[in-house]
Amino acid sequence: MEDCCRGSLLSLLPSLFLTAMSVSTEDFVVIGSSEPIVAMLGGDIMLPCRVFPAMNVENMELRWFRSKFSEAVFIYQNQQEQREEQLAQYTGRTSLVKEFLTWGEAILHIQKVQAFDNGVYNCFFRKGSFYESASLELKVAGVGSVPQVHIQGLEEDGVRVVCKASGWFPKPEVRWKALSGEKFLTFSETHFQDPEGLFSVEATLVVRDSSSGNVTCSLLNPILSQKKAMAIIIPEDFFPRTSPWMSAFMVILTLLMLSLLGTAYYTKREHTAKCREVQEWKKLHREKEEDQQAKEEALKTRDLTRVCSLSVWRKAQLYAVSVTLDPESAHPNLAVSDEKSSVTWKDTTKDPGKHCSILGREGITSGRCYWVVEIRNGDRSEWSLGVCRGDVERTYWYQECPERGFWAVGGYLQNYCAYSNFVIPLFCRQVPHRVGVFLDLKEGDVSFYNMIDGSHMFSFPLASSSGTLFPYFMLRSGDVSLTICSMMDGPTETPVPLNNPPSPLEETVSLSGQGFSSSCGVDVAPPGAESPLLPCSPEALSP
């Protein structure tokens, strides 16, 4: 048993290493087997499960269950087994290896494995109000009886042979072979499952070639790769004999069929050629009409796109705000510039291996605002930026996702993603050395833009109860710095003005003039039809 547990520990070392950085000193994670566990039908099996970091779990509540929490396989509570909620199928067949509880392991021992034991099991640990669980898969396998093969009767053009076997799990694979080793690919098979869940199979093969000699039926267990086979010899006298008159009739019939097919083929080919000419003429005429319509639609779309891009460009300018960093919210490993516009590492030779973040000084509760951040050496580092709630926990390792109050995008080793409950890859045409953040509390979303080519990167929806939001900046590894590009009054390149000026805007947050320029040299993409600054929609044309 100790060798078994030692082997399971070695198989779990990669999982332990990956989770080591994400577990606090007060919590734990539950780790099961990453590979399916195979159990022989009728034998015993150990299902490993452990907590990390290792600790004494004798006083915890331990539960093994199937797909539902109420489908209990084994319950350990108050240092003893509880049988009230246990499924009847596992009564008297399950036990806990208590010798390993002090090591943090809850090894479940199942005796006399049956077919319905096959499937997914969940291991659950509870300590006070904190609980975690993990799952693993148990594959039950059993080899049944040797197949029985016999001749059932004659067919019009061959001999019908039947192969039967029972007691297999899971459903076996049936294979037929001739004496020469050639496989028969065409046959029928029927499977039955008895009350214990074991499979019986009946496969029927029609042998039409008397030269096949004997045939072999074999059954293979797909999990164990074990098989059982049985051969049968078919005497040549069993095959029906063909009359010479029948042979002559078949030859004549074949010639007549070939002649008819030739005539039909020639007639159809002539008809098809004429139809093809008519269809080609109609196709050319239709393509000309479609090309003309496409040209007209393209001209309309191009004009509409130019109008939309210019309106959104001016709208983003008016919502530009100045953001400053709050040194009091900074992690001790971060250094903030005197202007409170740039953040970097205090010591770039060390890798803290955890989130080090800082917030903007200004809290945002309503309206719309827009700012730009420049990332230096971002393609060789790990960083993220966006917005977060003011009450989020940023002391130790934490997960950046909307459920925990973070709406952010970032990069690591030339890969870019948005952070949710799972990492969402972003495909950027150009490296986003500058990222624009557009927070729209009126519409309830926050959007991110690659200011190198003006492309839209990602958008998060915001809940109405998000509360006060602050600009968020995080560094985790590499010689990287994040700099807020200040928005200053000054001329900026704009496209040709529209006939009608933009309508007045509502809920503007900190305006700095009709245009702005960036102290970081933010060369946002010209607002042409190819790459608008913000997503273009009918709503984008109005404030």
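Structural notes, computed from the coordinates. (Residues numbered from 1 in each chain as written. Predicted model: local features only at pLDDT ≥ 70, side-chain atom pairs only at ≥ 80, totals over all residues. Heavy atoms only, no water.)

## A short note on the sheet that holds strand 12 (residues 148-155)
The strand order across the open sheet built from four strands is 12-13-17-16, with neighbouring strands paired in antiparallel fashion. In this open sheet, the two strands that pair with only one neighbour each are strand 12 and strand 16 (188-193). With direction set aside, neighbouring strand axes in the sheet form an average angle of 20 degrees. (Pairing = 2+ DSSP bridges. Helix = DSSP H or I, 4+ residues; strand = E, 2+ residues; numbered from the N terminus. Axes fitted to C-alpha atoms, helices over the stretch in contact; angles between N-to-C directions.)

## Let's talk about the nonpolar core
W371, L385, L439, V446, F448 and F473 are the most contacted members of the largest nonpolar core, which has 36 residues in total. Here the element with the most residues in this core is strand 23 (residues 368-376); it accounts for four residues. Once you skip the residues sitting within four places of it in the chain, F473 turns out to touch L325, C356, S357, I358, G360, W371, V373, S384, L385, L482 and I484. By size, the runner-up hydrophobic cluster in this structure holds 33 residues, among which are V73, L136, F169 and L198. (Core = buried A, V, L, I, M, F, W, Y, C linked by side-chain atoms within 4.5 Å. Buried < 20%, exposed > 50% of the residue type's maximum accessible area, 1.4 Å probe, protein only. Contact = heavy atoms within 4.5 Å.)

## Structural notes on the packing of aromatic side chains
According to the stated counting rule, one finds 13 aromatic pairs in the structure shown. On the basis of an interplanar angle of 80 degrees and a centroid distance of 5.1 Å, the ring pair of F69 and F124 is categorised as edge-to-face. Of the two residues, F69 sits in the loop between strand 5 (61-65) and strand 6 (72-77) while F124 sits in strand 10 (residues 119-127), which places them 55 residues apart along the sequence. For F69, a relative accessible area of 36% translates into the label partly exposed. Following the ring pairs from residue to residue traces out a cluster consisting of F65, F69, F124 and Y131. (Phe/Tyr/Trp six-rings, centres within 6.5 Å; stacked < 30°, edge-to-face > 60°.)

## Here we look at the state of the cysteines
Summed over all chains, the structure comprises two disulfides. Covalent S-S linkage joins C49 and C123, the inter-sulfur distance amounting to 2.2 Å. Torsion about the S-S bond of the C49 and C123 cystine: about -105 degrees, corresponding to left-handed handedness. Of this pair, C49 sits in the loop between strand 3 (45-47) and strand 4 (50-52) while C123 sits in strand 10, and the two are 74 residues apart along the sequence. What pairs with C163 in a disulfide is C217, and their sulfur atoms sit 2.1 Å apart. In this structure the cystine formed by C163 and C217 twists about its S-S bond by roughly -75 degrees; its chirality is therefore left-handed. Residue C163 is located in strand 13 (residues 158-168), and its partner C217 is located in strand 18 (residues 214-220); the two are separated by 54 residues in the primary sequence. Across the pair, exposure class does not vary: C163 and C217 are buried alike. (Disulfide = S-S within 2.5 Å.)

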